[in-house]
Amino acid sequence: PQFTGAGYVPQTTGATPGALPPATAADLARYQAAFQQLDADRDGVVQGSDCFTYFMQWGLDKAVLRHIWQLVAGDSASLQLPQLTSCLYLMDAAKRGVRPPVTLPPGPFPPVAHNWSLQSQFGGATGASAAPPTSQTAVVLPVFPVLPPRFAEQDQGAPPPPG
């Protein structure tokens, strides 16, 4: 049951917890691929004018698309990757019959399915679809915190500490 948005009026309350299904790794990969396609000049930003034709291809009413843009980007005329990801996630949800919320829920958005494994963390696949990543697949490695050195370097001119 697609929510096309004909006669769309935004909800007056926020989304019901759990109403927005978590995004899958495949969803996030599609959103990142769309960003790379729309960001033709590779400056890390897509302009609203670049998004318009792409967004209109989704078959959602302009009022729904306008509401999603306002929700995610406000009055900004451009989107960065996290914002485009949020827009496309909400558009996917609308295509599945879930109305966009009035405000974004607190915390990380969109919610992400937590099917963590070494393969998923490092860009591998599991099951029958296991295949090596293509050159278009972006592999995001975890960011490790900077740890303090185990032993402080001593000044060569200073005497050794009493032992």
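It should be emphasised that the depicted structure is a prediction, and the values quoted were computed from it without experimental measurement.

## What about helix α1 (residues 25-38)?
(1) Moving on: Helix length check: α1 (14 residues) gives 20 Å between terminal C-alpha atoms against 20 Å at 1.5 Å per residue, within 8%.
(2) Moving on: If you check which residues of α1 are buried, you get Asp27, Tyr31, Ala34, Phe35 and Leu38. Along α1, the residues classed as buried sweep out an arc of 100 degrees about the axis, all on the same side. Along α1, the residues that are exposed and aim more than 90 degrees away from the buried face are Ala25, Ala26 and Gln37.
(3) Moving on: Buried positions along α1 lie against β1 (46-47), α2 (48-56), β2 (78-79) and α4 (81-95).

## Looking at the packing of aromatic side chains
(1) Moving on: In this structure the tally under the stated criterion is four aromatic pairs.
(2) Moving on: Note on Tyr54 and Phe55: the rings are 6.3 Å apart at their centroids and 50 degrees apart in plane angle, and the pair reads as tilted.
(3) Moving on: A centroid spacing of 6.3 Å and a plane angle of 80 degrees characterise the contact between Tyr54 and Trp58, whose relative ring orientation is edge-to-face.
(4) Moving on: On the accessibility criterion, Trp58 (11% relative accessible area) is buried.
(5) Moving on: Following the ring pairs from residue to residue traces out a cluster consisting of Tyr54, Phe55, Trp58 and Trp69.

## Some words on the confidence of the model for the protein chain
(1) Moving on: Of all residues in the protein chain, 59% have pLDDT values of 70 or greater, and the mean over the chain is 74.
(2) Moving on: Helix α5 (residues 118-121) is the least confidently modelled element of the protein chain, averaging 44 in pLDDT, while β2 averages 96, the highest of any element.
(3) Moving on: Taken as a whole, residues 116-145 scores under 50 in pLDDT and shows 17 contacts with residues more than four places along the chain or in a different chain.
(4) Moving on: Ignoring residues within four places in sequence, the model shows residues 147-155, a span with pLDDT below 50, making two contacts including any to other chains.

Cut-offs used in this document
- Residues numbered from 1 in each chain as written.
- Predicted model: local features only at pLDDT ≥ 70, side-chain atom pairs only at ≥ 80, totals over all residues.
- Heavy atoms only, no water.
- Helix = DSSP H or I, 4+ residues; strand = E, 2+ residues; numbered from the N terminus.
- Expected span 1.5 Å × (residues − 1).
- Buried < 20%, exposed > 50% of the residue type's maximum accessible area, 1.4 Å probe, protein only.
- Arc of directions from axis to C-beta.
- Contact = heavy atoms within 4.5 Å.
- Phe/Tyr/Trp six-rings, centres within 6.5 Å; stacked < 30°, edge-to-face > 60°.
- pLDDT = per-residue confidence, 0-100.

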